[in-house]
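For reference, the chains in residue letters:
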Amino acid sequence: MKKLLFQFDTDAFPSVFDTVVGYDGGADHVIGHANVTTDTVVKLVEGAIFTRAPKDKKNTAIFVGGSSLQAGQEVYDAVMSTFFSNFRVSVMLDSNGSNTTAAAGVARLKNSTSISGKKAVLLAGTGPVGQRAAVLLARLGADVSITSRSMSRATDACKAMSSQYNVELNPVQAATNQDRATAIEDAQIVFACGAAGVRLLEQSHWSSLKQLQVIMDANATPELGVEGIDMMDRGEQRHESICWGAIGFGTLKLDLHRTCISRLFDDNKTLLNIEEIFSIAEQLAG
Amino acid sequence: MKKLLFQFDTDAFPSVFDTVVGYDGGADHVIGHANVTTDTVVKLVEGAIFTRAPKDKKNTAIFVGGSSLQAGQEVYDAVMSTFFSNFRVSVMLDSNGSNTTAAAGVARLKNSTSISGKKAVLLAGTGPVGQRAAVLLARLGADVSITSRSMSRATDACKAMSSQYNVELNPVQAATNQDRATAIEDAQIVFACGAAGVRLLEQSHWSSLKQLQVIMDANATPELGVEGIDMMDRGEQRHESICWGAIGFGTLKLDLHRTCISRLFDDNKTLLNIEEIFSIAEQLAG
Amino acid sequence: MKKLLFQFDTDAFPSVFDTVVGYDGGADHVIGHANVTTDTVVKLVEGAIFTRAPKDKKNTAIFVGGSSLQAGQEVYDAVMSTFFSNFRVSVMLDSNGSNTTAAAGVARLKNSTSISGKKAVLLAGTGPVGQRAAVLLARLGADVSITSRSMSRATDACKAMSSQYNVELNPVQAATNQDRATAIEDAQIVFACGAAGVRLLEQSHWSSLKQLQVIMDANATPELGVEGIDMMDRGEQRHESICWGAIGFGTLKLDLHRTCISRLFDDNKTLLNIEEIFSIAEQLAG
């Protein structure tokens, strides 16, 4: 019986990234659906839960993705509301790599330094990855800030995660590279989560910061988010800091993502959201 | 050479149900297309008939689905109009499970009692399953009624099937559970075909009906269509009647659906619509 | 590791033709995306280049298709602009079979006669196949005309190919079968590239032309483009001319198309556009 992964994407195209990793994680077929909403997902889920005998249901699984974490979370919740008794299949939420990238990133930060009591700044952290990384760092005891060009977006992101995960996060407005330099000047941990190809920080903004223990950049498309970090950096010492580039910690992200896909097919009850995915990340990060 | 099943769905999403059964029925790949219309299907069909050598064409097949039986029937007809000489592939029509669910249901009703001369009521039977089940029961000699909350919908459904299949069907307006109770009070056969999660009949409405020989419910999502039937019932005797729940006869429906998919790849000329599918259902129902 | 072919189609449906040939060419999975544009393709390409290790990237490839060659060429260019250093995968452009059908057709014309110095007419040649065949014939030294019902469409097609490939092409207005008869009366080579089921030329228009060495019709759907040619003709002598029908040279087109797909997976750097595809066509045509 074939392992079928239904990829429910809230965007107009099912993410190619998620499709490839779905196959590499062991799905026999990845079936993408675009523009999935809380309304339209119900019938799709019914098709997933009513088609196979109880012992075979573990061979059907659902992946929820897309660029909006809020839309993804809502679809994930709608998927679970459609389940009843044993009419259910395993589900993973990873909108825009939010959970796997954040979990892999934070696992690598934790490999590089202790987190508790440190000041951590998520640069351009209002997106899915930044939001989830903020939750993980706050739960590990860090004092966490999220910067954004817009104060209202920073505040919204902090509120969304605070209310969902009961953590305290600090919104910071930082519109320019110089503003972001100011935001990190007393931080021990910096994680740049900006859009592909957008520079957030120049080398001079961080190269002389003695308190900066770890700096990580999730952007793999030139130009990179943090000048002076190589995208291949895997815990490289540069200036005063341990550096992680997008491909450097991306190896763990991909390994984690594939491992999560593989776990979906262990049974028909697995639910993978931020906590479960971070727990797997910690195991893989050793 | 891979067995390719092209799933042409008239809805905005290719049915997950049909995709899963496509794989379980033996297709190597199920390729879903949404929003398929009589106009857009022509080029899709040309791609199916011009790509493989004559001896290999049996490895390409077409499945037409979607929530509207009328739209599906029109697309099915348009598919066949595009074929010429040996430029053709096998095709199955099963909009919303209309043919497989109706055929499996009626085959199970026929396992439970003789049909000819009986009064049969399709509760909320204006959808694809109800329409097709009505045709099958009428052809087996039953006096068949279709109920609907709206008289015009009931009339339209009866007319559509009457003109296509030359059978006589009786439209009945039944807006409430009590109306439906009235509609079945002299019926020997009741088949509830309503929407998922919608209660159509309370237990007290049928539990004391001595003439009611078989009662069947196609709704597998709580709350069920007929109170007092368990969705797992497989010919269970309850009160005066033999009872079939959605999962109970759904095993045959799924087996039938998979068998039909498998038959599509026997040659490049197989056409599976209601008659052919009911004939396979009868073989499988033993 | 599975060979994944991402089919980026500029039309509203990913071409079934291209999907089938993708599988028959050796892709393990063909993942279709519709309505792809230069804007939306960037994120899709990022998913293709960031998901697999360098040695594994050859197992991911991109096919660009759709009915508009211009839209396809723009998407193809946008795909390549997204690549950087070794973050790239193999790509093939074949909008509407433009490259494979044109290359196979011209390879068969070249099998049948010498091209250099001949007058060649592409009937209804403003579409993708006609445009590309015109380029190939001009490069082989023919004096090439493209006919269209509309002079402006003929001129646009000639200009598009002239500016891109530095060849000279002659636009000709020919609205009726009689106009097209006039357009070919001193041609040695005629290639009919019109829409499926549209008659372009009657038998009397070409049967007595002594100078007409080869005549080819790309239309496989009755009625055929050139009356008097059978769609199965493979270099058949009819009247004064060697004749090729759509299925007759279509065998090479399909073989070529499949071979190109297979080549995509040889490494992660292969780019298949008209020149590369014609070169493969010449090898296959012997």
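Chains are numbered independently. Their residues run from 1 in the order of the written sequence. Whichever chain is written first becomes A and whichever ligand is written first becomes 1, with later ones labelled in order. Only residues with pLDDT of 70 or above have their local features reported here, since the model is predicted, and side-chain atom pairs are shown and tallied only from 80 upward, although totals for entire chains, interfaces and linings are computed over all residues. Side-chain descriptors were evaluated using all non-hydrogen atoms of the structure, hydrogens and water having been removed beforehand.

1. Topic: the overall build of chain A
Quick reminder of the rule: In DSSP terms, a helix is any run of H or I states spanning at least four residues, a strand is any run of E spanning at least two, and both are numbered starting from the N terminus. Just to be clear, the radius of gyration here is over C-alpha atoms, and the globule rule we use is 2.2 Å times residues to the power 0.38. For this analysis, residues touch if any pair of their heavy atoms sits within 4.5 Å. Only the protein chains shown count as cover for residues, with accessible areas throughout obtained via the Shrake-Rupley method and a probe of 1.4 Å. In this count, Lys and Arg are taken as positive residues and Asp and Glu as negative ones, while His and the chain termini are left out. Charge positions come from single atoms, namely NZ of Lys, CZ of Arg, CG of Asp or CD of Glu.
Assigned secondary structure in chain A consists of 9 helices and 12 strands. Relative to the compact-globule value of 19 Å for 286 residues, chain A shows a C-alpha radius of gyration of 19 Å, a close match. Projected onto the principal axes, the alpha-carbon positions of chain A cover approximately 60 × 35 × 30 Å. Excluding contacts between residues fewer than 6 apart, the proportion of contacts in chain A whose partners are at least 24 apart in sequence is 73%. Carbon together with sulfur atoms contributes 47% to the accessible area of chain A, which is approximately 10000 Å² in total. Where the 26 positive side-chain charges of chain A centre and where its 31 negative ones centre are 6 Å apart.

2. Description of the packing of aromatic side chains
Note the threshold: Centres within 6.5 Å are what make two rings of Phe, Tyr or Trp a pair, Trp counting through its six-membered ring; a difference in plane orientation under 30 degrees is then read as stacked, over 60 as edge-to-face, and the rest as tilted.
Following the criterion strictly, the structure yields 15 aromatic pairs over all chains and no others. Three or more aromatic residues link up through ring pairs in this structure, and these residues are Phe 50, Phe 84 and Phe 87 of chain A.

3. Overview of the relation of the copies chain A and chain B
To be explicit about the condition: Fitting of the copies onto one another was done by least squares over C-alpha atoms, counting residues only where both copies have pLDDT of at least 70.
Of the transformation superimposing chain A on chain B, the axial component is 0.0 Å and the angular component is 120 degrees, with the fit at an RMSD of 0.0 Å. Taken together, these values place the two copies in the relation of a three-fold axis. When you check the interface residues of chain A against chain B, a mere 5% turn up at the interface there too, and the two sides of the contact use different surfaces.

4. Some words on the interface of chain A and chain C
Where interface size is given, it is often the accessible area lost as the parts come together that is meant. Note the following rule: Once two parts are brought into contact, the accessible area they lose, counted with a 1.4 Å probe and summed over both, makes up the buried area. Here, a salt bridge means any side-chain nitrogen of Lys or Arg that lies within 4 Å of a carboxyl oxygen of Asp or Glu. Polar contacts, as counted here, are pairs of nitrogen or oxygen atoms within 3.5 Å of one another; within protein the pair requires one atom able to donate a hydrogen and one able to accept it, and residues that are adjacent in sequence qualify only if both atoms are side-chain atoms. Classes in brief: Ala, Val, Leu, Ile, Met, Phe, Trp, Tyr, Cys and Pro nonpolar; Asp, Glu, Lys and Arg charged; the others, Gly included, polar.
If you look at the interface, chain A gives 23 residues, while chain C gives 22 residues. Taking both partners together, chain A and chain C bury about 1700 Å²; carbon and sulfur atoms supply 70% of that area. Of all residues in chain A, Phe 13, Val 16 and Tyr 23 of chain A bury the most surface against chain C, accounting for 36% of the area lost on that side. Where chain A meets chain C, there are 3 salt bridges. Between Asp 24 of chain A and Arg 52 of chain C there is a salt bridge, with its nearest N and O atoms 2.7 Å apart. Scanning the region where chain A abuts chain C turns up 5 residue pairs in polar contact (both at pLDDT 80 or more). Sorting the residues of the side of chain A that touches chain C by element identifies α1 (16–24) and α8 (246–264) of chain A as the ones contributing at least two each. Of all the elements, α1 of chain A adds the most residues to the side of chain A that touches chain C, at 7 residues. Its residues assigned to classes, the side of chain A that touches chain C shows 14 nonpolar, 5 polar and 4 charged.

5. Details of the side chain of Asp 24 of chain A
With respect to the helices and strands, Asp 24 of chain A occurs in helix α1. A distance of 2.7 Å separates polar atoms of two side chains, one belonging to Asp 24 of chain A and the other to Arg 52 of chain C. If we skip the residues at most four places from it in the chain, Asp 24 of chain A touches Arg 258 of chain A together with Met 1, Thr 51 and Arg 52 of chain C.

6. Digging into the pairing of strand β6 (residues 143–148) of chain C
Residue and element names in this part refer to chain C. Rules: The buried label applies to any residue whose accessible area, calculated with a 1.4 Å probe on protein chains only, is under 20% of its type's maximum; exposed applies above 50%, and partly exposed to all values in between. Note on pairing: DSSP must find at least two bridges between two strands before they are called paired. Crossovers are marked right-handed if the path from the first strand over the helix to the second runs clockwise, as seen with the strands pointing away from the viewer.
Within β6, 5 of the 6 residues are buried, which leaves it mostly tucked inside the rest of the structure. With 4 bridges connecting them, strand β5 (residues 119–123) and β6 associate as parallel partners. Paired with Val 121 across the strands is Ser 145, a residue of β6. Crossover β5 to β6 through helix α5 (residues 128–139) is right-handed. Judged from the 5 bridges that link them, β6 and strand β7 (residues 169–173) form a sheet pairing that is parallel. Considered in β7, the bridge of Ser 148 is made with Gln 173. Note on the crossover from β6 through helix α6 (residues 151–165) to β7: the handedness is right-handed.

7. Observations regarding the interface of chain A and chain B
Chain A puts 22 residues into the contact, and the matching count from chain B is 23 residues. For the pair chain A and chain B, the summed buried area comes to about 1700 Å², and 70% of that belongs to carbon and sulfur atoms. Put simply, chain A and chain B have 3 salt bridges between them. Between Asp 28 of chain B and Lys 2 of chain A there is a salt bridge; the shortest N-O distance is 4.0 Å. Linking chain A with chain B are 5 residue pairs in polar contact (both at pLDDT 80 or more). Of all the secondary structure elements, the ones that give two or more residues to the side of chain A that touches chain B are β1 (4–9), β2 (29–33) and α2 (41–49) of chain A. When residues of the side of chain A that touches chain B are assigned to their parent elements, the largest contribution, 5 residues, is made by α2 of chain A.

8. Here's the deal with the packing of helix α4 (residues 98–112) of chain B against helix α9 (residues 274–285) of chain B
Residue and element names in this part refer to chain B. This is how the line gets drawn: The angle between two axes is taken between their N-to-C directions and runs from 0 to 180 degrees, where each axis is a line fitted to C-alpha atoms and a helix contributes only its stretch in contact. For classification purposes, an angle smaller than 35 degrees is called roughly parallel, one larger than 145 roughly antiparallel, one from 65 to 115 roughly perpendicular, and anything else oblique. By the definition used in this description, the sense in which the near helix is turned from the far one sets the handedness, with an anticlockwise turn below a right angle giving left-handed and a clockwise turn giving right-handed.
The interhelical angle for the contact between α4 and α9, taken along N-to-C directions, is 45 degrees, at an axis separation of 9 Å. Comparing the axis directions of α4 and α9 gives the class oblique. As for how α4 packs across α9, the hand of that crossing is right-handed. Of the residues in α9, those touching α4 at Asn 99, Thr 100, Ala 103, Ala 104, Val 106, Ala 107, Arg 108, Lys 110 and Asn 111 are Ile 274, Ile 277, Phe 278, Ala 281, Glu 282 and Ala 285. Taken together, the residues of the contact of α4 with α9 break down into 9 nonpolar, 3 polar and 3 charged.

9. Regarding unusual backbone geometry
In the segment running from Pro 222 of chain B into Glu 223 of chain B, the intervening peptide bond is cis, with an omega of 0 degrees. In this model, Ser 85 of chain C sits at a positive phi of 35 degrees, which is unusual for a non-glycine residue. Unlike most non-glycine residues, Asn 166 of chain C shows phi in positive territory, near 55 degrees. Positionally, Asn 166 of chain C belongs in the loop between α6 and β7. With a relative accessible area of 73%, Asn 166 of chain C lands in the exposed category.

10. Regarding α9 of chain B
Residue and element names in this part refer to chain B. Stated formally: A helix's residues, less one, multiplied by 1.5 Å, set its expected span. Regarding the arc, it is the one traced by the directions from the helix axis to the C-beta atoms.
Its 12 residues give α9 an end-to-end C-alpha distance of 16 Å, which sits within 8% of 16 Å, the value for a rise of 1.5 Å per residue. For α9, the full list of buried residues reads Ile 274, Ile 277, Phe 278, Ile 280, Ala 281 and Ala 285. Buried residues of α9, viewed axially, fall in a sector of 160 degrees; they line one side. Against the buried residues of α9 lie β4 (90–93), α4, α5 (128–139), α6 (151–165), α8 (246–264) and β12 (271–272). Downstream of α9 by one or two residues, Gly 286 has phi in the positive range, about 70 degrees.

Shape is all these values report; function is a separate question.
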